[in-house]
Number of protein chains: 2
Amino acid sequence: MLTSSVRRLTSTASHNFEFMSYMVNKINSVNKALDKATPLCKPVVKIREAMRYTLLSGGKHVRPVLCLAACVLVGGQESTAMPAACAVEMIHASSLIQDDLPCMDDDSLRRGKPTNHKVFGEDIAVLTRDALIALAVEKMATSTSLGVSPERVLRAVVEMAKAVGTEGLVAGQAADLSGEGMSLEEDGARLEHLEFIHIHKTAALLEAATVTGAIMGGGSDGEIERLRKYARCVGLMFQVVDDVLDVTKSSDELGKTAGKDLIASKLTYPKVMGVEKSREYADELNREAREHLHAFDSAKVAPLLSLADYIVNRQN
Amino acid sequence: MLTSSVRRLTSTASHNFEFMSYMVNKINSVNKALDKATPLCKPVVKIREAMRYTLLSGGKHVRPVLCLAACVLVGGQESTAMPAACAVEMIHASSLIQDDLPCMDDDSLRRGKPTNHKVFGEDIAVLTRDALIALAVEKMATSTSLGVSPERVLRAVVEMAKAVGTEGLVAGQAADLSGEGMSLEEDGARLEHLEFIHIHKTAALLEAATVTGAIMGGGSDGEIERLRKYARCVGLMFQVVDDVLDVTKSSDELGKTAGKDLIASKLTYPKVMGVEKSREYADELNREAREHLHAFDSAKVAPLLSLADYIVNRQN
């Protein structure tokens, strides 16, 4: 599964850079670290099973790879960003479990498997979310053991907390809920609302992933802010592509319920601007993302350029 | 409401210490800080309303007061522990919202008012929990602005994260769910299971409140560990008293649904050892809690002694 989802990309990665082996290598490292971080021990074995079920369910780990790549780009050791990379994937897993809950999207399929609450029950799923968030905070906050200064670790913790709360995921999800069935007259207002949702629901966590990587890697303020801008473009692009895939692919191809945005009458980019214009917009965001990397060493920037290409060209 | 819940205590507080005015003063400070931390601004005004609904619903703020008192006892300025005190109350509020959810206890009354999801809907309630947890982490992690060292702040953040996760609230809640309708043959096994639930579901957060206060206040490792032991006794005692109140008081007196442990066939202290023995056990825990404070300056220890008396003698 891992290689098949990556293989599709190699033809599109336009750089002289072994992207496929890079991704496989990083995804393996992240999986190994996530596996180690969630041993199946007492107490609450069932909660730990549920954590692992979503955390190790063959995700492409785009967020942790962004985190590791940003760390290395600013001159850091990849290992110093691994706890942050794992933390961001834990937060992401927690948000997936939440999205699928009966009181949210009420979905039964995710990555080709039954959703967390379908397998473990809603009560365990809700507790599993807490366990993932708490472990994410703990993992990041103990990064000083890897030689990162306490000041930097705290800065990264704050960055991640903001990405989760009322300035991030929570705001995006709340706007998403309030926008269901929305029939705003003006395309402009619809687009603004949609952009708000995507920037908060998706881009905020991709931004936090990239920025915490740069912080842990010892990046300067200038480097961190350039990477922030890159990540914002990539994050928004990620969701534009997601919207397009939702209307153009089958559930089998996606590994999750296709067409559900339409069924829920959700605002999406294809709905506001059509599929073709949405694809063009994604390409434009990719170009913009690349521009923010110009000031970095061109030899070192290949992973982040390829990651952006990967996201814009992905098929599931 | 605030003064009536405190007034009942003054007759039982056995120390030459103005406990009532102390509590009123601290509760007011905490409420002011919580109010300031959750302004009703954009975005997600509804989420912020829901946060404030539970956070500022007339709670007795036992946890934040423990936090502030521990900070002062070890020689710290109270203000340096205020973010941690607010954080612990946010975590507590989040756990109350969760306990009341349809997939958990499915409760409609809390502190004499409809529960959060009854007022705002289940989707908003779930997002409100995330917002509270994220804000709690952010508040604590930015305590360096008050002069606390980054090392200490990180230590406090880890302490809090552990109290929430698989070693704390999550473990307690999971064990509570798995124990419903439990009919273990042996009283010993039932007591062990019950103690596990209470230590994790209740005592862990009271412990984290006290310990983070001591950390923020600059306490030595010895002081922190003594306060940890005090808080563990107080935390367990808190829940034993809660169990007794559930079977001896009316919903009106409690401000929440009475007798719900019985209805849910939950394991409780009165069920395992009877009401009288449960009261005796609470008194014993109070004595033990006081012993852990012996090594501190007796002039400064009055707030924590009175708090323990307050908890053991509370009527709601």
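Just above, that's the structure.
Residues numbered from 1 in each chain as written. Chains lettered and ligands numbered in written order. Predicted model: local features only at pLDDT ≥ 70, side-chain atom pairs only at ≥ 80, totals over all residues. Heavy atoms only, no water.

Participant: What is the right way to read the relation of the copies chain A and chain B from this model?
Facilitator: What relates the two chain copies is a rotation about an axis together with a slide along it. Here chain A sits on chain B after a turn of 180° about the axis and a move of 0.0 Å along it, with an RMSD of 0.0 Å. Classification of the inter-copy transformation places it as that of a two-fold axis. Measuring from the rotation axis to each C-alpha of chain A, the shortest distance belongs to proline 150 of chain A, at 2.7 Å. Most of the interface of chain A is mirrored in chain B, where 100% of its interface residues again form contacts. (Least-squares fit on C-alpha atoms with pLDDT ≥ 70 in both. Contact = heavy atoms within 4.5 Å.)

Participant: Would you mind going over helix α4 (residues 62-73) of chain B with me for this structure?
Facilitator: In an α-helix, one turn spans 3.6 residues; hence positions three or four apart end up facing the same way. The end-to-end C-alpha distance of α4 of chain B, which contains twelve residues, comes to 16 Å, matching closely the 16 Å that a straight helix rising 1.5 Å per residue would cover. The buried fraction of α4 of chain B amounts to eleven of the twelve residues, a majority that puts the element mostly inside the structure. (Helix = DSSP H or I, 4+ residues; strand = E, 2+ residues; numbered from the N terminus. Expected span 1.5 Å × (residues − 1). Buried < 20%, exposed > 50% of the residue type's maximum accessible area, 1.4 Å probe, protein only.)

Participant: Would you explain the packing of aromatic side chains in this entry?
Facilitator: For any two aromatic rings, the description comes down to two numbers: the centre-to-centre distance and the angle of the planes. Considering all chains together, one arrives at eight aromatic pairs over all chains under this definition. Look at tyrosine 269 of chain A and tyrosine 281 of chain A: their rings are 5.7 Å apart centre to centre, the planes differ by 35°, and that puts the pair in the tilted class. Of this pair, tyrosine 269 of chain A sits in helix α14 (residues 269-273) while tyrosine 281 of chain A sits in helix α15 (residues 275-291); the two residues are twelve residues apart in sequence, bridging distant segments of the chain. Put simply, the rings of Phe19, Tyr22 and Tyr310 of chain A touch in pairs and so form one group of aromatic residues. Against the face of phenylalanine 238 of chain A rests arginine 314 of chain A, its NZ or CZ located 3.9 Å from the ring centre. Lying across the ring of phenylalanine 238 of chain B, arginine 63 of chain B places its NZ or CZ 5.2 Å from the centre. (Phe/Tyr/Trp six-rings, centres within 6.5 Å; stacked < 30°, edge-to-face > 60°. Lys NZ or Arg CZ within 6 Å of the ring centre and 35° of its normal.)

Participant: What is the right way to read the side chain of lysine 201 of chain A from this model?
Facilitator: All names here are of chain A. Structurally, lysine 201 can be placed in helix α10 (residues 187-216). Residue lysine 201 is classed as buried on the basis of its relative accessible area of 18%. Discounting residues that sit within four places of it in the chain, lysine 201 has contacts with Asp99, Leu169, Gly172, Gln173, Asp176 and Lys266.

Participant: Just to check I follow, could you spell out unusual backbone geometry for this structure?
Facilitator: Peptide bonds are mostly trans, and most non-glycine residues show a negative phi. That bond from lysine 42 of chain A to proline 43 of chain A is cis: its omega, -10°, falls within 30 degrees of zero. Looking at where proline 43 of chain A falls in the secondary structure, it is placed in the loop between α2 (19-37) and α3 (45-55). At valine 44 of chain A, a position not held by glycine, the phi torsion is positive, near 55°. Inspection of the secondary structure puts valine 44 of chain A in the loop between α2 and α3. Of note, arginine 111 of chain B is a non-glycine position whose phi angle comes to about 50°, a positive value. Assignment of secondary structure puts arginine 111 of chain B in the loop between β1 (109-110) and β2 (113-114).

Participant: How should I be thinking about the nonpolar core in this particular structure?
Facilitator: Considering soluble globular proteins, one finds that nonpolar side chains tend to be buried as a cluster. Counting 212 residues, the largest nonpolar core has Leu227, Tyr230 and Leu307 of chain A together with Leu227, Tyr230 and Leu307 of chain B as its most contacted members. Excluding its chain neighbours within four sequence positions, the residues that come into contact with leucine 307 of chain B are Phe19, Met23, Val65, Leu66, Ala69 and Tyr230 of chain B. (Core = buried A, V, L, I, M, F, W, Y, C linked by side-chain atoms within 4.5 Å.)

Participant: How should I be thinking about the interface of chain A and chain B in this particular structure?
Facilitator: Put simply, an interface is often sized by how much accessible area is lost when its parts join up. With 40 residues of chain A at the contact, the number on the chain B side is 40 residues. With both sides pooled, the region where chain A packs onto chain B buries about 3,400 Å², and carbon together with sulfur makes up 78% of that total. Contact with chain B buries surface across chain A, with Leu127, Leu154 and Thr166 of chain A losing the most and accounting together for 17% of the total. Counting across the chain A and chain B interface gives two salt bridges. Where aspartate 130 of chain B meets arginine 129 of chain A, a salt bridge forms, and the shortest distance between an N and an O atom there is 2.6 Å. Connecting chain A to chain B are two residue pairs in polar contact (both at pLDDT 80 or more). (Buried area = accessible area lost by both parts, 1.4 Å probe. Salt bridge = Lys/Arg side-chain N within 4 Å of Asp/Glu carboxyl O. Polar contact = N/O pair within 3.5 Å; in protein donor to acceptor, adjacent residues only side chain to side chain.)

Participant: Any chance you could explain the side chain of glutamate 89 of chain A here in plain terms?
Facilitator: Relative to the assigned elements, glutamate 89 of chain A resides in helix α5 (residues 78-100). Ignoring anything within four residues of it in the chain, the contact list for glutamate 89 of chain A reads Leu34, Leu55, His61, Arg63, Pro64 and Arg111 of chain A.

Participant: Explanation requested: a negative patch on the surface in the structure shown.
Facilitator: All names here are of chain A. Judged by side-chain charge, Glu280, Asp283, Glu284, Glu288 and Glu291 come together as a negatively charged surface patch. Locating glutamate 284 in the fold gives a position in helix α15. You can call glutamate 284 partly exposed: its relative accessible area is 43%. (Patch = residues over 30% accessible without salt bridge, like charges linked within 9 Å, V, L, I, M, F, W, Y side chains within 5 Å. Areas by Shrake-Rupley, 256 points an atom, 1.4 Å probe, with all protein chains shown as cover. Lys, Arg positive; Asp, Glu negative; His and termini not counted. Charge placed at Lys NZ, Arg CZ, Asp CG, Glu CD.)

Participant: Looking at this structure, how should I read the state of the cysteines?
Facilitator: Note on terminology: a disulfide is the covalent bond linking the sulfur atoms of two cysteines. All names here are of chain A. All told, the structure shown has zero disulfides over all chains when counted by the stated rule. Looking at cysteine 67, it has no disulfide partner, and the nearest cysteine sulfur is the one in cysteine 71, 7.1 Å off. Under the relative-accessibility criterion, cysteine 67 is labelled buried at 0%. (Disulfide = S-S within 2.5 Å.)

Participant: Quick question: what am I supposed to make of the environment of aspartate 130 of chain B here?
Facilitator: Among the structural elements, aspartate 130 of chain B can be located in helix α7 (residues 122-141). We classify aspartate 130 of chain B as buried; its relative accessible area is 6%. Between the alpha carbons of aspartate 130 of chain B and isoleucine 91 of chain B there is a distance of 9.6 Å; along the sequence they are 39 residues apart. Sequence-distant contacts of aspartate 130 of chain B, that is, excluding residues within four places in its chain, are made with Gln98, Arg129, Val164 and Val170 of chain A.

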